[in-house]
Amino acid sequence: MEATKPQLPLHYIFTYSPDMTKGAVVLKDWMAKKIDWLTTRLHSNIKAIDMYIGDCVEPKVIRDPVKVMLDIISIPFSSVAFGDECCHYDDILDMFRNLTASFSKLIVIPPLLSFIHPWLHQQFVTIPFRFGWNPYSKYRDTIIRRIRPVIEKRLNDRKKLGDDWVAPMDLLQVFLDNPRVTPDFDPNNVDINFIADSLGVFVIASMNTTSNRTVTALYDLAWRKEYVQELYKEAQEINKQCNCNELTYHDFNKMVKLDSFIKESFRNFDDILGLPHICIVKSIYTFKNGYQIPKGRTAILNFLDTHYDEEIQGRDPMKFYAFRHLERKASATKIERNLTIFGNGKHSCPGRFLAVNQIKMVLHHVILKYNITTETGKIPPKRYLGPVLNRVYDGLVFEKRKDNVN
Ligand code: HEM
């Protein structure tokens, strides 16, 4: 997070939750323990897919799939964070859909001043904040307005019912009873700004990352027809085994072919450069090949180097081969050095299990229900804006499968 400060000064945005690393550690613990429950929350996706994609008896073209995916994902993710009491409010869902985009102007400012010193770029980017601009302020107000009565009710119920009170499992509750997050928690004086900003960080970290990756995987599904039948068979088998009941965490683990397909989609569609990290050793870090990085310098990974290296990725690294990760027994959530989509080390992404299950949930449902193609029917060449891979500008076409009975 420290290394992204010059480009995205989150400490100016979430001013009441300056130590985001501490929140991330707690999130990691919580996600690992509650992954079963988190997965059950993803079932609201099915309703959301029916609502936003529809029956598609006639082919339906979706020209802005990222927007549709933000609509779909906002429903389960707001339920995970805000609980049942306030996850359905339109203003909360609106925040889930739009918060990240409200900062995107900052990210696209080319860091030219960083060539002199990163500090200079940060000074430049933060000028509007120092004059009082913060697009998060209105969302913070919304969150506070919605969670204040919920927190009051939960604290009252806990006081009244004592041990008989069953605490909700959502992230909001973590901020009310986890001493690692709020060591000085005082029920009579709840730091609601801190809770609101911490929930805002969750929204920023989870929404656009997951929806962009889901959409990329959907394009891959539309482009790589040769894998659809095999994925369809796996999806049908899993549905049969669970008698069409709600899918559990274990059912998601059985989607091994889909898992590998998703991981290949991650590998195949990435920026050239990313994952900036600051060198924090005492003086100089020396690589095996003799290259050196001085303390304090930001290093950025070259993804092309690792994603398309035959020695690391196996045969035909330039080719999309959906089951290469299944053969290596490397699941999509596995942290490994040859594919750093979720980072590496102690700050690797704590939300990856939720994100991958979310992507699986959408693809599983889409594979069973629709035939999916693109408007042009062609795989477009990759285009980059600087080191950033451009989004795909082609409509996704959904059509109900003839053999789908639902
Ligand atoms: C496909 C979706 C996602 C991608 C590609 C992604 C990617 C990443 C990456 C690359 C990092 C930095 C890791 C590092 O510095 O080594 C990260 C950190 C983080 N992610 Fe994700 N993420 C995704 C979804 C999520 C979700 C759903 C959540 C929340 C539930 C989440 C929460 C976080 C948090 C809190 C951190 C900071 C961790 C720390 O600093 O210790 N992410 N993510």
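The shown structure was predicted, so the numbers you read here are calculated from the model rather than taken from an experiment.

## Here's the deal with the overall build of the chain
Here is step 1 of the chain: Looking only at helices and strands, the chain has 19 helices and nine strands in total.
Here is step 2 of the chain: The C-alpha radius of gyration computed for the chain amounts to 22 Å, which stays within 12% of the reference 22 Å derived for 406 residues, consistent with globular compactness.
Here is step 3 of the chain: Excluding contacts between residues fewer than 6 apart, the proportion of contacts in the chain whose partners are at least 24 apart in sequence is 73%.
Here is step 4 of the chain: Between the averaged position of the 55 positive side-chain charges in the chain and that of its 47 negative side-chain charges there is a distance of 3 Å.

## A short note on the nonpolar core
Here is step 1 of the chain: Core analysis: the largest hydrophobic core is formed by 104 residues, its most contacted members being Phe82, Phe96, Ile147, Leu199 and Leu363.
Here is step 2 of the chain: Take this core: its biggest share by element is 17 residues, from helix α12 (residues 192-223).

## Quick look at the coordination of the iron atom of the ligand
Here is step 1 of the chain: Here the protein supplies the iron atom of the ligand with just one donor, Cys349 (SG), and that contact is 2.3 Å long.
Here is step 2 of the chain: With respect to the secondary-structure elements, Cys349 resides in the loop between α18 (324-327) and α19 (352-369).

## A short note on the environment of Val181
Here is step 1 of the chain: Within the secondary structure, Val181 sits in the loop between α11 (171-177) and α12.
Here is step 2 of the chain: Accessibility expressed as a relative area gives 5% for Val181, which makes it buried.
Here is step 3 of the chain: Distance from Val181 to Ile143, taken between C-alpha atoms, is 19 Å for residues 38 residues apart in sequence.
Here is step 4 of the chain: When neighbours within four sequence positions are excluded, Val181 is seen to be in contact with Lys22, Val26, Val174, Phe175 and Phe194.

## Here we look at the site of the ligand
Here is step 1 of the chain: Residues in close proximity to the ligand total 24 residues, the closest being Met31, His277, Asn344, His347 and Cys349.
Here is step 2 of the chain: Contacts to the ligand include His347, whose side-chain N or O atom sits 2.8 Å from an oxygen atom.
Here is step 3 of the chain: For the shell around the ligand, the secondary-structure elements that each account for two or more residues are α2 (20-33), α12, β2 (273-278) and α19.
Here is step 4 of the chain: Take the shell around the ligand: its biggest share by element is six residues, from α12.
Here is step 5 of the chain: Of the residues belonging to the shell around the ligand, the class tally is 14 nonpolar, nine polar and one charged.

## Details of the sheet that holds strand β1 (residues 60-62)
Here is step 1 of the chain: The three strands lie next to each other as β1-β9-β6, forming an open sheet whose pairing is antiparallel. Looking at which strands have only one partner, the edges of the open sheet turn out to be β1 and β6 (370-374). Strand-to-strand twist of the sheet, defined as the mean angle between neighbouring strand axes without regard to direction, takes the value 25°.
Here is step 2 of the chain: In this sheet, strand β9 (residues 396-400) lies alongside β6 in antiparallel orientation, the contact comprising five bridges. Bridged to Ile372 within β9 is Phe398.

## Considerations on the pattern of salt bridges
Here is step 1 of the chain: Here the structure, examined in full by the defined rule, presents 25 salt bridges.
Here is step 2 of the chain: With its nearest N and O atoms 4.0 Å apart, the salt bridge here joins Arg391 to Asp64. In this pair, Arg391 sits in the loop between β8 (388-389) and β9 while Asp64 sits in the loop between β1 and α5 (65-86), placing the two residues 327 residues apart along the sequence.
Here is step 3 of the chain: Linking Glu336 and Arg328 is a salt bridge whose minimum nitrogen-to-oxygen distance equals 2.9 Å.
Here is step 4 of the chain: The exposure class assigned to Arg328 is partly exposed, which follows from its relative accessible area of 30%.
Here is step 5 of the chain: Among the charged side chains, a network of salt bridges with common partners joins Asp50, Asp55 and Lys369.

## What about the packing of aromatic side chains?
Here is step 1 of the chain: Applying the stated rule across the entire model yields 16 aromatic pairs.
Here is step 2 of the chain: For the ring pair Phe261 and Phe320, a centre distance of 5.4 Å and an interplane angle of 65° mean the geometry is edge-to-face. Separated by 59 residues along the polypeptide, Phe261 in helix α15 (residues 256-268) and Phe320 in the loop between α17 (310-313) and α18 bring together distant segments of the chain. Of the two residues, Phe261 and Phe320, neither departs from the other in class, the shared state being buried.
Here is step 3 of the chain: Arranged with centres 5.7 Å apart and planes meeting at 90°, the rings of Phe266 and Phe342 form a pair that is edge-to-face. You can see Phe266 sitting in helix α15 and its partner Phe342 sitting in the loop between α18 and α19, a full 76 residues away along the chain. For the residue pair Phe266 and Phe342, the accessibility class agrees, reading buried in each case.

## Considering empty space enclosed by the protein
Here is step 1 of the chain: By the definition in use, this model includes one cavity of 30 Å³ or more.
Here is step 2 of the chain: Its volume calculated, the largest cavity comes out at about 30 Å³.
Here is step 3 of the chain: Forming the boundary of the largest cavity are Ile53, Ile62, Pro65, Val68, Met69, Leu218, Leu396 and Phe398.
Here is step 4 of the chain: Of all the secondary structure elements, the ones that give two or more residues to the lining of the largest cavity are α5 and β9.
Here is step 5 of the chain: With three residues, α5 is the single largest residue contributor to the lining of the largest cavity.
Here is step 6 of the chain: By residue class, the composition of the lining of the largest cavity is eight nonpolar, no polar and no charged.

## A closer look at the side chain of Asp259
Here is step 1 of the chain: Along the chain, Asp259 turns up in helix α15.
Here is step 2 of the chain: One polar contact links the side chain of Asp259 to the main-chain amide nitrogen of Ala332, over a distance of 2.7 Å.
Here is step 3 of the chain: Excluding residues within four positions of it along the chain, Asp259 makes contact with Ser331, Ala332, Val356 and Lys360.

## So, unusual backbone geometry
Here is step 1 of the chain: One non-glycine residue with positive phi stands out, namely Asp316, at about 45°.
Here is step 2 of the chain: If you trace the backbone, Asp316 turns up in the loop between α17 and α18.
Here is step 3 of the chain: Backbone geometry places Lys329, a non-glycine residue, at a positive phi of 55°.
Here is step 4 of the chain: Within the element layout of this structure, Lys329 appears in the loop between α18 and α19.

About the cut-offs
- Residues numbered from 1 in each chain as written.
- Predicted model: local features only at pLDDT ≥ 70, side-chain atom pairs only at ≥ 80, totals over all residues.
- Heavy atoms only, no water.
- Helix = DSSP H or I, 4+ residues; strand = E, 2+ residues; numbered from the N terminus.
- Rg over C-alpha atoms; globule rule 2.2 N^0.38 Å.
- Contact = heavy atoms within 4.5 Å.
- Lys, Arg positive; Asp, Glu negative; His and termini not counted.
- Charge placed at Lys NZ, Arg CZ, Asp CG, Glu CD.
- Core = buried A, V, L, I, M, F, W, Y, C linked by side-chain atoms within 4.5 Å.
- Buried < 20%, exposed > 50% of the residue type's maximum accessible area, 1.4 Å probe, protein only.
- Donors = N, O, S within 2.8 Å, 3.2 Å for Na, K, Ca; no water.
- Near = heavy atom within 4 Å.
- Polar contact = N/O pair within 3.5 Å; in protein donor to acceptor, adjacent residues only side chain to side chain.
- Nonpolar A, V, L, I, M, F, W, Y, C, P; charged D, E, K, R; others polar.
- Pairing = 2+ DSSP bridges.
- Axes fitted to C-alpha atoms, helices over the stretch in contact; angles between N-to-C directions.
- Salt bridge = Lys/Arg side-chain N within 4 Å of Asp/Glu carboxyl O.
- Phe/Tyr/Trp six-rings, centres within 6.5 Å; stacked < 30°, edge-to-face > 60°.
- 1 Å grid on protein atoms, 1.4 Å probe; cavity = no way out; pocket = protein on both sides within 12 Å on 5 of 7 lines; lining within 4 Å.
- Points joined across faces, edges and corners; volume = space filled by probe spheres on them.

Geometric descriptors of this kind do not, in isolation, establish any biological role.
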